[in-house]
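Descriptive analysis of the structure
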Amino acid sequence: MYRRFIASVATCAILFMSIAAPVSVRGQQGTSAQQSGSDTPPLQRLEVMRSRLEAMRRSLNGALAGFNAQDKNEKSSDDPRERLRGMEKEVSSVLSDVNIIIGKLQHSERVETERIDKLETSTNDLDTRVQAALRETAGQRSAATAATGTETGIKRGKKKKKFLIFGGGDDDKYEELTSTIAPGRDRVLFEEAAHEVRKGRYEVGRYLFNTIITAYPDSQYLPMAKLAIADSFYLEGTTSALIQAAASYQDWLTFFPTHPLSDDAMLKVAEAEMRQMGLADRDVSHARKAEQRLKALLQQFPNTNLRTDVELRLREVQDNLAMHNLQVARFYLDARYKGGKGGLKGAQSRLREIVEKYPNFTWMSEVLFRYAYTYQQEEETDEAAKYYQRIVRDFPNSEYVEKAKEQLQIIGAPIPDPDPIKAKIPEPEKPGMMSKLFTEVTGYANVTVDKNGVLVKKDKAKEDRDLLDEVIANQGVLPDNAMPVTAPLNRRPPAPPKPKPTTGTGISVTSQPSGAPQSPANPASTTTQPAGTTGSGTKP
């Protein structure tokens, strides 16, 4: 018996540690993010800066290779090579500072947040100046090559410049492609970049796409090259890559706000945030950003044929935010108010926000019961009765129906009949113990997102075609009636504009009864709460 008891205690301790460890780590990250004045932890911000700076340095080195070696000893303030070399030194200096701070954080040394903010500002400023310099010197690089009649890159005598980003036998081919400006070379670069991205060599693909942007500013491949760069970050899928994906899609939207793929790019911005969402009891900053992006998409493109997908994602994001408020309200009521430490008003404000902003929350019956309870404690029985009656009428299968009826009898208010239509809707099943344990260990909300990019499919079979194939076949221009890879299989025609909601301040995303439970959108996945579907259908 004693051994069995010890074994049980040890098992419970292991389970507790598996849950507490990610919670502790995420708590520390959240604290660091708040201290830095940003929702992103300092180490992630620095990783993003390092990736951007390394990309800038590669672009500058590639541009310098595009100039002929002749007269390389002559220095002039007007020499574009000197300008690029100076910028390369600046980039290397900032990159060195970033690497130093990353090393300090990895060794748990203290770093002032102001220093990180200054480095981020310097990185943004450098990025703007580097891109401008590369565009302005593109014509001079082309003229330098044409004037000498010599080939650049590996064919300059016996000297071979190796780009560390390239590996294997592709070094020579890509060095020549990126160091020589010639008519029609942008198409070759685009095709090679697409090939590398599909092979999972995202850094190489981005470098080749970026060469089109900096060396061929008038290329018809430029819009799709910028969008493909954003796709490459999204497909890569790491935390720092997703941060850069959202920024790259947003940057693309700034340059091409009326492009036919604008709504697809806006959806990817939201999905990049959704893929970083934590559980409802943790940081909800990514969920709030995703909600803002999805609402903006519906407002800016009311007739989008992605409306069904957007509404589904908005419902899931809002469920996450509503559950966060509900868990805070539970704490105020159960741990504080019932323990004589106050908290009734705090719980009431959280519950009110759910009722007003998220009328289709999956667990609305519990919200209404607790909300009515707060009014009952304040002796506002008329308000309490209103919400108890709503539970009986609109959620007849809820576990809170009998409790609501008891409170209505105590108050002396009439008990309404249940809605016959809503009586056919079953109460959603609560996740089991193993499901809860799994989600606690992973630490991420399991929401419905499409991991394909706008142009590029993540796992494309040889016989499949995606939009990137269509762009290549159509000389860099988006074909008419092109179908993005994010589209559902039975993509419907544009929907008519929907009337603005009249309930609260939130956006009502379904035509189903308020609070009606939904079936999971992805049966194979486990979520903290069942993922809802929209009244207009789900994505196949």
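So, how was this worked out
Residues numbered from 1 in each chain as written. Predicted model: local features only at pLDDT ≥ 70, side-chain atom pairs only at ≥ 80, totals over all residues. Heavy atoms only, no water. Helix = DSSP H or I, 4+ residues; strand = E, 2+ residues; numbered from the N terminus. Buried < 20%, exposed > 50% of the residue type's maximum accessible area, 1.4 Å probe, protein only. Contact = heavy atoms within 4.5 Å. Areas by Shrake-Rupley, 256 points an atom, 1.4 Å probe, with all protein chains shown as cover. Axes fitted to C-alpha atoms, helices over the stretch in contact; angles between N-to-C directions. Parallel < 35°, antiparallel > 145°, perpendicular 65-115°, else oblique. Left-handed = near helix turned anticlockwise from the far one by under 90°. Nonpolar A, V, L, I, M, F, W, Y, C, P; charged D, E, K, R; others polar. Salt bridge = Lys/Arg side-chain N within 4 Å of Asp/Glu carboxyl O. Polar contact = N/O pair within 3.5 Å; in protein donor to acceptor, adjacent residues only side chain to side chain. Phe/Tyr/Trp six-rings, centres within 6.5 Å; stacked < 30°, edge-to-face > 60°. Lys NZ or Arg CZ within 6 Å of the ring centre and 35° of its normal. Core = buried A, V, L, I, M, F, W, Y, C linked by side-chain atoms within 4.5 Å. pLDDT = per-residue confidence, 0-100. Expected span 1.5 Å × (residues − 1).

Here we look at the overall build of the protein chain
Of regular secondary structure, the protein chain possesses 19 helices and zero strands. Here the protein chain, with 540 residues, has 48% of them falling under the buried criterion. Long-range pairs, those at least 24 residues apart, make up 69% of the contacts in the protein chain between residues at least 6 apart in sequence. Per element, the accessible surface of the protein chain, about 26,500 Å² overall, is 52% carbon and sulfur.

As for the packing of helix H9 (residues 222-236) against helix H10 (residues 239-255)
Here H9 crosses H10 at 160 degrees, and the two axes come no closer than 7 Å. In terms of orientation, H9 lies roughly antiparallel with respect to H10. For H9 against H10, the interelement crossing comes out left-handed. Where H9 abuts H10, its residues Pro223, Met224, Lys226, Leu227, Ala230, Asp231, Phe233, Tyr234 and Glu236 lie against Ala241, Leu242, Gln244, Ala245, Ser248, Tyr249, Asp251, Trp252 and Phe255. Tallied by class, the residues present in the contact of H9 with H10 amount to 12 nonpolar, two polar and four charged.

As for the environment of Leu267
Note on placement: Leu267 falls in helix H11 (residues 262-274). Among residues more than four places away in sequence, those in contact with Leu267 are Leu294, Leu297, Leu306, Val310 and Arg313.

Things to note about the pattern of salt bridges
All chains considered together, the criterion is met by 27 salt bridges. In this structure, Glu378 and Lys345 form a salt bridge, with 2.9 Å as the shortest nitrogen-oxygen distance. Linking Glu378 in the loop between helix H15 (364-377) and helix H16 (381-394) with Lys345 in helix H14 (residues 344-357), this pair joins segments that are 33 residues apart in sequence. You can call Lys345 exposed: its relative accessible area is 55%. One salt-bridge network, held together by shared partners, links Arg330, Asp334, Glu366 and Arg370.

Here we look at the packing of helix H4 (residues 113-136) against helix H8 (residues 202-215)
Close contact between H4 and H8 brings their axes to 7 Å; oriented N to C, the two are set at 65 degrees. Compared by their axis directions, H4 and H8 come out roughly perpendicular. On H8, the residues touching Gln131, Leu134 and Arg135 of H4 are Asn210, Ile213 and Thr214. For the contact of H4 with H8, the per-class residue count stands at two nonpolar, three polar and one charged.

A few points about the environment of Asp419
Of note, Asp419 is situated in the loop between helix H17 (401-411) and helix H18 (433-442). In this structure the C-alpha to C-alpha distance between Asp419 and Asp394, which are 25 residues apart in sequence, comes to 6.0 Å. The residues contacting Asp419, other than those within four sequence positions of it, are Arg393 and Pro396. Within polar-contact distance, the side chain of Asp419 engages the backbone nitrogen of Ile421 at 2.9 Å.

A look at the packing of aromatic side chains
A complete count under the given rule lists 11 aromatic pairs for this structure. Between Phe255 and Phe256, the aromatic rings sit 6.4 Å apart at their centres with planes inclined by 45 degrees, giving tilted as the arrangement. Look at Phe255 and you get exposed, because its relative accessible area is 53%. For Phe256, a relative accessible area of 19% translates into the label buried. Through successive ring pairs, a cluster of aromatic residues spans Phe190, Phe209 and Tyr221. It is Arg206 that lies over the ring of Phe233; its NZ or CZ is 3.9 Å from the centre. Above the ring of Tyr234, the side-chain terminus of Arg275 is found at 4.7 Å from the ring centroid.

Structural notes on the side chain of Glu366
With respect to the helices and strands, Glu366 occurs in helix H15. When near neighbours in sequence (up to four residues on either side) are disregarded, Glu366 contacts Leu326, Arg330 and Tyr400.

Let's talk about the nonpolar core
In terms of nonpolar packing, the biggest core is built from 99 residues, with Phe190, Phe209, Tyr249, Phe361 and Leu455 touching the most fellow members. Here this core gets 10 residues from one element, more than from any other, and that element is H9. Membership of the second largest hydrophobic core comes to 22 residues, among which are Leu95, Ile116, Leu126 and Ala133.

A look at the confidence of the model for the protein chain
Per-residue confidence for the protein chain gives a mean pLDDT of 75, with 70% of residues at or over 70. Mean pLDDT across the elements of the protein chain ranges from a minimum in helix H1 (residues 2-35), with 45, to a maximum in H11, with 95. Predicted confidence for residues 16-37 stays below pLDDT 50, and this span has 27 contacts to residues more than four positions away or in other chains. Throughout residues 148-164 the model reports pLDDT below 50, and contacts reaching past four residues in sequence, or to other chains, amount to 35 contacts.

Let's talk about unusual backbone geometry
Phi at Glu379 is positive, roughly 60 degrees, even though this residue is not glycine. Within the secondary structure layout, Glu379 lies in the loop between H15 and H16. Looking at Glu379, the relative accessible area reads 70%, which means it is exposed.

A look at helix H7 (residues 185-198)
Look at H7: 20 Å from first C-alpha to last across 14 residues, which is about the 20 Å you get at 1.5 Å a residue. Restricting attention to buried positions, one finds in H7 the residues Arg185, Asp186, Leu189, Phe190, Glu192, Ala193, Ala194, Glu196 and Val197. Looking one or two places after H7, you find Gly200, whose phi comes out positive at around 85 degrees.

Focus: the environment of Gly205
Relative to the assigned elements, Gly205 resides in helix H8. Residue classification places Gly205 among the buried residues on the basis of a relative accessible area of 0%. Once the C-alpha coordinates of Gly205 and Ala194 are considered, the two residues, 11 residues apart in sequence, prove to be 6.5 Å apart. For Gly205, the contacting residues outside a window of four places in its chain are Ala193, Glu196 and Val197.

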